[in-house]
Amino acid sequence: MSRKILIAGNWKMNKTATEAVELAKPIIEAIGNQNDIDVLMCPPFTSISAVSELIGNSTVRVGAQNMSDKASGAYTGEISAAMLRDLQVSYVILGHSERRSYYGETDAFINRKVLACLENNLKPVLCVGETLEEREAGKVEEVIKTQLVGGLANVPADKAESVVIAYEPVWAIGTGKTATPEQAQEVHAFIRKELIGLLGQVGNAIRILYGGSMKPANADELLAKPDIDGGLIGGAALVAKDFLALIESGVKAQANKI
Ligand code: PEP
(Lines give C-alpha, C1' and ligand atoms only; values in the text may rest on other atoms or scores of the structure.)
Protein backbone atom coordinates (compact mmCIF):
# COMPACT_ATOMS: atom_id res chain seq x y z
CA MET A 1 0.00 0.00 0.00
CA SER A 2 1.39 3.41 -0.89
CA ARG A 3 0.91 6.03 1.79
CA LYS A 4 1.66 9.69 1.11
CA ILE A 5 4.71 10.83 3.03
CA LEU A 6 4.11 13.65 5.53
CA ILE A 7 6.93 15.93 6.61
CA ALA A 8 5.71 17.89 9.62
CA GLY A 9 7.46 20.63 11.59
CA ASN A 10 6.69 21.05 15.28
CA TRP A 11 7.93 24.52 16.16
CA LYS A 12 7.10 24.08 19.86
CA MET A 13 7.22 27.35 21.86
CA ASN A 14 9.45 29.13 19.35
CA LYS A 15 8.96 32.15 17.06
CA THR A 16 6.88 35.25 17.54
CA ALA A 17 4.34 35.91 14.80
CA THR A 18 6.86 38.19 13.07
CA GLU A 19 9.61 35.56 13.25
CA ALA A 20 7.18 32.85 12.13
CA VAL A 21 6.54 34.73 8.89
CA GLU A 22 10.32 34.98 8.29
CA LEU A 23 10.67 31.21 8.73
CA ALA A 24 7.56 30.13 6.84
CA LYS A 25 7.86 32.43 3.82
CA PRO A 26 10.90 30.87 2.10
CA ILE A 27 9.56 27.38 2.82
CA ILE A 28 6.15 28.13 1.32
CA GLU A 29 7.76 29.82 -1.70
CA ALA A 30 10.06 26.86 -2.31
CA ILE A 31 7.31 24.24 -1.94
CA GLY A 32 4.75 26.06 -4.07
CA ASN A 33 2.14 23.59 -5.14
CA GLN A 34 4.22 20.38 -5.22
CA ASN A 35 1.94 17.48 -4.49
CA ASP A 36 4.29 14.49 -4.24
CA ILE A 37 4.23 14.56 -0.45
CA ASP A 38 2.34 16.43 2.29
CA VAL A 39 4.14 19.24 4.11
CA LEU A 40 2.92 20.60 7.44
CA MET A 41 4.07 23.43 9.69
CA CYS A 42 2.83 23.62 13.29
CA PRO A 43 3.62 27.05 14.76
CA PRO A 44 2.49 28.19 18.21
CA PHE A 45 -1.17 29.30 18.40
CA THR A 46 -0.17 32.97 18.25
CA SER A 47 1.51 32.53 14.85
CA ILE A 48 -1.05 30.29 13.14
CA SER A 49 -3.00 33.16 11.64
CA ALA A 50 0.11 34.85 10.22
CA VAL A 51 1.39 31.60 8.69
CA SER A 52 -2.04 30.66 7.29
CA GLU A 53 -2.24 34.01 5.53
CA LEU A 54 1.00 33.23 3.68
CA ILE A 55 -0.19 29.91 2.29
CA GLY A 56 -2.14 31.19 -0.74
CA ASN A 57 -2.15 28.47 -3.43
CA SER A 58 0.64 26.50 -1.82
CA THR A 59 0.00 22.91 -0.80
CA VAL A 60 1.73 23.48 2.56
CA ARG A 61 -0.66 22.83 5.44
CA VAL A 62 -0.81 24.52 8.84
CA GLY A 63 -1.26 22.58 12.07
CA ALA A 64 -1.58 23.26 15.79
CA GLN A 65 0.43 21.72 18.62
CA ASN A 66 -2.48 21.14 21.02
CA MET A 67 -6.21 21.66 21.30
CA SER A 68 -8.99 21.62 23.89
CA ASP A 69 -11.14 18.53 24.27
CA LYS A 70 -14.14 20.86 24.80
CA ALA A 71 -16.20 22.52 22.07
CA SER A 72 -16.65 25.96 23.71
CA GLY A 73 -17.46 27.66 26.99
CA ALA A 74 -15.88 28.60 30.29
CA TYR A 75 -12.44 27.02 29.82
CA THR A 76 -10.05 29.92 30.33
CA GLY A 77 -6.96 29.75 28.18
CA GLU A 78 -8.17 26.92 25.96
CA ILE A 79 -8.44 26.79 22.15
CA SER A 80 -11.20 24.80 20.43
CA ALA A 81 -11.28 22.78 17.23
CA ALA A 82 -13.66 25.29 15.62
CA MET A 83 -11.25 28.14 16.41
CA LEU A 84 -8.44 26.24 14.70
CA ARG A 85 -10.52 25.32 11.67
CA ASP A 86 -11.41 28.96 11.22
CA LEU A 87 -7.66 29.67 10.82
CA GLN A 88 -7.29 27.00 8.08
CA VAL A 89 -5.67 24.51 10.44
CA SER A 90 -5.93 20.94 9.17
CA TYR A 91 -3.80 18.84 11.58
CA VAL A 92 -3.34 18.94 15.38
CA ILE A 93 -0.42 17.36 17.25
CA LEU A 94 -1.82 15.59 20.33
CA GLY A 95 -0.22 13.74 23.22
CA HIS A 96 3.30 14.98 22.57
CA SER A 97 5.62 13.61 25.25
CA GLU A 98 6.28 17.16 26.51
CA ARG A 99 2.57 17.57 27.17
CA ARG A 100 2.35 14.14 28.76
CA SER A 101 5.30 14.76 31.08
CA TYR A 102 5.11 18.52 31.86
CA TYR A 103 1.32 18.96 31.84
CA GLY A 104 0.19 15.54 33.03
CA GLU A 105 -1.84 14.62 29.95
CA THR A 106 -3.23 11.11 30.25
CA ASP A 107 -4.28 8.70 27.50
CA ALA A 108 -7.95 9.24 28.41
CA PHE A 109 -7.61 13.04 28.13
CA ILE A 110 -5.67 12.77 24.87
CA ASN A 111 -8.36 10.42 23.55
CA ARG A 112 -11.06 13.06 24.14
CA LYS A 113 -8.99 15.50 22.08
CA VAL A 114 -8.46 12.92 19.31
CA LEU A 115 -12.24 12.41 19.11
CA ALA A 116 -12.92 16.17 19.17
CA CYS A 117 -10.42 16.59 16.35
CA LEU A 118 -12.06 13.95 14.17
CA GLU A 119 -15.57 15.28 14.86
CA ASN A 120 -14.38 18.61 13.48
CA ASN A 121 -12.65 17.13 10.44
CA LEU A 122 -9.19 17.90 11.77
CA LYS A 123 -6.47 15.27 11.46
CA PRO A 124 -4.97 14.27 14.82
CA VAL A 125 -1.23 13.52 14.94
CA LEU A 126 -1.18 11.23 17.96
CA CYS A 127 2.30 10.99 19.51
CA VAL A 128 3.43 7.82 21.23
CA GLY A 129 6.82 6.74 22.50
CA GLU A 130 8.77 5.21 25.35
CA THR A 131 11.26 6.73 27.77
CA LEU A 132 14.82 5.41 27.99
CA GLU A 133 13.96 3.74 31.29
CA GLU A 134 11.01 1.94 29.70
CA ARG A 135 13.17 0.82 26.74
CA GLU A 136 15.85 -0.51 29.05
CA ALA A 137 13.21 -2.38 31.04
CA GLY A 138 12.01 -4.10 27.84
CA LYS A 139 8.66 -2.32 27.97
CA VAL A 140 8.58 -0.61 24.56
CA GLU A 141 5.68 -2.61 23.12
CA GLU A 142 3.66 -2.53 26.34
CA VAL A 143 3.97 1.26 26.61
CA ILE A 144 3.16 1.92 22.97
CA LYS A 145 0.21 -0.47 23.01
CA THR A 146 -1.27 1.26 26.06
CA GLN A 147 -0.88 4.69 24.41
CA LEU A 148 -2.48 3.47 21.16
CA VAL A 149 -5.38 1.63 22.79
CA GLY A 150 -6.08 4.57 25.12
CA GLY A 151 -5.54 7.33 22.58
CA LEU A 152 -7.59 5.72 19.81
CA ALA A 153 -10.56 4.44 21.85
CA ASN A 154 -13.87 4.92 20.04
CA VAL A 155 -12.34 6.33 16.87
CA PRO A 156 -15.08 5.89 14.24
CA ALA A 157 -14.11 3.54 11.40
CA ASP A 158 -15.04 6.06 8.71
CA LYS A 159 -12.65 8.67 10.15
CA ALA A 160 -9.74 6.40 11.04
CA GLU A 161 -7.82 7.11 7.85
CA SER A 162 -7.41 10.76 8.95
CA VAL A 163 -5.42 9.69 11.99
CA VAL A 164 -1.64 10.10 11.88
CA ILE A 165 0.60 8.42 14.45
CA ALA A 166 4.00 9.84 15.39
CA TYR A 167 6.41 7.42 17.00
CA GLU A 168 8.69 9.59 19.11
CA PRO A 169 11.03 7.75 21.45
CA VAL A 170 11.29 10.23 24.32
CA TRP A 171 15.04 9.60 24.65
CA ALA A 172 15.55 10.81 21.07
CA ILE A 173 13.60 14.07 21.27
CA GLY A 174 15.84 17.13 21.19
CA THR A 175 18.78 15.07 22.41
CA GLY A 176 20.63 14.54 19.13
CA LYS A 177 20.22 10.77 19.71
CA THR A 178 18.24 9.19 16.89
CA ALA A 179 16.75 5.73 16.91
CA THR A 180 18.58 3.68 14.28
CA PRO A 181 16.47 3.10 11.17
CA GLU A 182 16.21 -0.56 12.24
CA GLN A 183 15.07 0.32 15.78
CA ALA A 184 12.51 2.74 14.40
CA GLN A 185 11.22 0.31 11.74
CA GLU A 186 10.79 -2.40 14.36
CA VAL A 187 8.52 -0.17 16.44
CA HIS A 188 6.70 1.21 13.38
CA ALA A 189 5.93 -2.36 12.25
CA PHE A 190 4.60 -3.10 15.74
CA ILE A 191 2.43 0.04 15.63
CA ARG A 192 1.13 -0.98 12.18
CA LYS A 193 0.14 -4.41 13.52
CA GLU A 194 -1.61 -2.84 16.52
CA LEU A 195 -3.46 -0.34 14.30
CA ILE A 196 -4.78 -3.16 12.14
CA GLY A 197 -5.82 -5.05 15.28
CA LEU A 198 -7.61 -1.99 16.67
CA LEU A 199 -9.12 -0.48 13.55
CA GLY A 200 -9.00 -3.13 10.84
CA GLN A 201 -7.41 -2.92 7.38
CA VAL A 202 -7.54 0.88 7.46
CA GLY A 203 -4.46 0.50 9.67
CA ASN A 204 -2.53 -0.10 6.46
CA ALA A 205 -3.47 3.35 5.23
CA ILE A 206 -2.62 5.25 8.44
CA ARG A 207 0.64 7.18 8.29
CA ILE A 208 3.20 6.55 11.00
CA LEU A 209 5.80 9.33 11.32
CA TYR A 210 9.13 9.03 13.07
CA GLY A 211 10.17 11.84 15.42
CA GLY A 212 13.33 12.28 17.44
CA SER A 213 16.31 14.29 16.21
CA MET A 214 15.44 13.72 12.56
CA LYS A 215 17.70 15.90 10.43
CA PRO A 216 18.98 16.06 6.84
CA ALA A 217 21.90 13.75 7.72
CA ASN A 218 19.72 10.83 8.89
CA ALA A 219 16.41 11.35 7.08
CA ASP A 220 17.09 9.35 3.91
CA GLU A 221 17.86 6.16 5.81
CA LEU A 222 14.87 6.52 8.14
CA LEU A 223 12.40 7.39 5.38
CA ALA A 224 13.54 4.42 3.28
CA LYS A 225 12.06 2.00 5.81
CA PRO A 226 8.75 0.45 4.74
CA ASP A 227 6.64 1.55 7.73
CA ILE A 228 8.15 5.02 8.18
CA ASP A 229 5.78 7.36 6.37
CA GLY A 230 7.34 10.69 7.21
CA GLY A 231 8.76 12.69 10.06
CA LEU A 232 7.67 14.91 12.93
CA ILE A 233 10.54 17.31 13.25
CA GLY A 234 11.37 19.69 16.08
CA GLY A 235 14.78 21.39 16.00
CA ALA A 236 15.45 21.00 12.27
CA ALA A 237 12.06 22.52 11.42
CA LEU A 238 13.23 25.86 12.81
CA VAL A 239 15.88 26.25 10.09
CA ALA A 240 14.35 26.79 6.65
CA LYS A 241 17.19 25.17 4.71
CA ASP A 242 17.14 22.06 6.93
CA PHE A 243 13.37 21.70 6.72
CA LEU A 244 13.56 22.07 2.93
CA ALA A 245 16.27 19.39 2.82
CA LEU A 246 13.99 17.08 4.83
CA ILE A 247 11.17 17.74 2.36
CA GLU A 248 13.54 16.80 -0.45
CA SER A 249 14.37 13.57 1.36
CA GLY A 250 10.63 12.92 1.66
CA VAL A 251 10.08 13.44 -2.07
CA LYS A 252 12.95 11.04 -2.87
CA ALA A 253 11.63 8.42 -0.45
CA GLN A 254 8.12 8.73 -1.89
CA ALA A 255 9.42 8.12 -5.40
CA ASN A 256 11.14 4.94 -4.21
CA LYS A 257 8.10 3.67 -2.32
CA ILE A 258 5.66 3.86 -5.24
C1 PEP B 1 9.52 16.67 18.57
O2 PEP B 1 9.50 17.20 19.65
O3 PEP B 1 8.45 16.40 18.02
C4 PEP B 1 10.83 16.33 17.97
C5 PEP B 1 10.90 15.27 17.24
O6 PEP B 1 11.89 17.15 18.28
P7 PEP B 1 13.40 17.03 17.70
O8 PEP B 1 13.30 16.84 16.22
O9 PEP B 1 14.04 18.33 18.08
O10 PEP B 1 14.02 15.85 18.38
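Residues numbered from 1 in each chain as written. Predicted model: local features only at pLDDT ≥ 70, side-chain atom pairs only at ≥ 80, totals over all residues. Heavy atoms only, no water.

The name that an unreviewed UniProt entry assigns to the protein chain is Triosephosphate isomerase, with the source organism given as Candidatus Spyradosoma merdigallinarum. Recorded in UniProt under Subunit (unreviewed entry), the annotation for the protein chain is "Homodimer." In its Sequence similarities (unreviewed entry) section, UniProt records this for the protein chain: "Belongs to the triosephosphate isomerase family." (UniProt positions renumbered as here; feature names shortened; annotations may be inferred.)

Here's the deal with the overall build of the protein chain
Assigned secondary structure in the protein chain consists of 10 helices and eight strands. A globule of 258 residues ought to have a C-alpha radius of gyration of about 18 Å, and the protein chain, at 17 Å, matches this closely. The principal-axis extents of the C-alpha atoms in the protein chain amount to approximately 45 × 45 × 35 Å. Expressed as a percentage of the 258 residues in the protein chain, the buried residues total 52%. Long-range contacts, defined as pairs at least 24 residues apart, comprise 73% of the intrachain contacts of the protein chain with a sequence gap of at least 6. With the model as given, the accessible surface of the protein chain reaches about 11500 Å², and the carbon-plus-sulfur share is 51%. Measuring between centres, the 26 positive side-chain charges of the protein chain sit 2 Å from its 31 negative side-chain charges. (Helix = DSSP H or I, 4+ residues; strand = E, 2+ residues; numbered from the N terminus. Rg over C-alpha atoms; globule rule 2.2 N^0.38 Å. Buried < 20%, exposed > 50% of the residue type's maximum accessible area, 1.4 Å probe, protein only. Contact = heavy atoms within 4.5 Å. Areas by Shrake-Rupley, 256 points an atom, 1.4 Å probe, with all protein chains shown as cover. Lys, Arg positive; Asp, Glu negative; His and termini not counted. Charge placed at Lys NZ, Arg CZ, Asp CG, Glu CD.)

Considerations on the packing of aromatic side chains
For any pair of aromatic rings, the description rests on two quantities: the centre-to-centre distance and the angle between the ring planes. Scanning the model with the defined rule gives two aromatic pairs in all. If you follow K123 out to its NZ or CZ, it ends over the ring of Y91, 5.6 Å from the centre. (Phe/Tyr/Trp six-rings, centres within 6.5 Å; stacked < 30°, edge-to-face > 60°. Lys NZ or Arg CZ within 6 Å of the ring centre and 35° of its normal.)

A closer look at the UniProt feature "binding site: substrate" (unreviewed entry) in the protein chain
The positions that UniProt labels "binding site: substrate" (unreviewed entry) are, in the present scheme, N10, W11, K12, G174, S213, G234 and G235. Taken along the chain, the residues just named run across 226 residues; in space they keep tight, none of their C-alpha pairs more than 13.9 Å apart. Looking only at the residues we just named, the largest pocket is lined by N10 and K12. Here W11 is to be found in the loop between β1 (6-10) and α1 (17-31). When residues no more than four places from it in sequence are discounted, the contact partners of W11 are A20, L23, A24, M41, C42, P43, P44, V51, Q65, A237 and L238. (1 Å grid on protein atoms, 1.4 Å probe; cavity = no way out; pocket = protein on both sides within 12 Å on 5 of 7 lines; lining within 4 Å.)

Some points on the packing of helix α5 (residues 107-119) against helix α7 (residues 140-151)
At a minimum axis separation of 8 Å, α5 and α7 run at an interaxial angle of 45°. Put simply, α5 runs oblique to α7. Contact residues: D107, N111 and V114 in α5; T146, Q147, G150 and G151 in α7. When its residues are assigned to classes, the contact of α5 with α7 shows one nonpolar, five polar and one charged. (Axes fitted to C-alpha atoms, helices over the stretch in contact; angles between N-to-C directions. Parallel < 35°, antiparallel > 145°, perpendicular 65-115°, else oblique. Nonpolar A, V, L, I, M, F, W, Y, C, P; charged D, E, K, R; others polar.)

Digging into the UniProt feature "active site" (unreviewed entry) in the protein chain
The sites that UniProt annotates as "active site" (unreviewed entry) are H96 and E168. Sequence-wise these annotated residues cover 73 residues; spatially they are packed, their C-alpha atoms never more than 8.4 Å apart. Those annotated residues from the list above that line the largest pocket are H96. Mapped onto the elements of the fold, H96 is located in the loop between β4 (89-94) and α4 (97-102). Excluding residues that lie within four positions of it along the chain, H96 makes contacts with N10, K12, C127, E168 and I173.

Focus on the site of the ligand
Around the ligand, the structure places 14 residues, and the nearest of them are K12, H96, E168, G174 and S213. Coverage of the ligand by the protein amounts to 95% of the 300 Å² it exposes when considered alone. (Near = heavy atom within 4 Å.)

Quick notes on α5
Look at α5: 18 Å from first C-alpha to last across 13 residues, which is about the 18 Å you get at 1.5 Å a residue. Close packing links the buried residues of α5 with α3 (81-85), β4, α4, β5 (123-128) and α7. A positive backbone phi angle near 55° is found at N121, which sits one or two residues after α5. (Expected span 1.5 Å × (residues − 1).)

Quick word on the layout of surface pockets
Approximately 420 Å³ is the volume attributed to the largest pocket. Surrounding the largest pocket, 13 residues form its lining, K12, M13, Q65, R99 and Y103 being those nearest its centre. If you tally residues by element for the lining of the largest pocket, the top one is α4, at three residues. Around the second largest pocket, the lining is made up of 19 residues, and of these S97, E98, R100, S101 and V170 lie nearest the centre. Contributing elements (two or more residues each) for the lining of the second largest pocket: α4, β5 and α7. Class assignment of the residues belonging to the lining of the second largest pocket gives a composition of six nonpolar, eight polar and five charged. (Points joined across faces, edges and corners; volume = space filled by probe spheres on them.)

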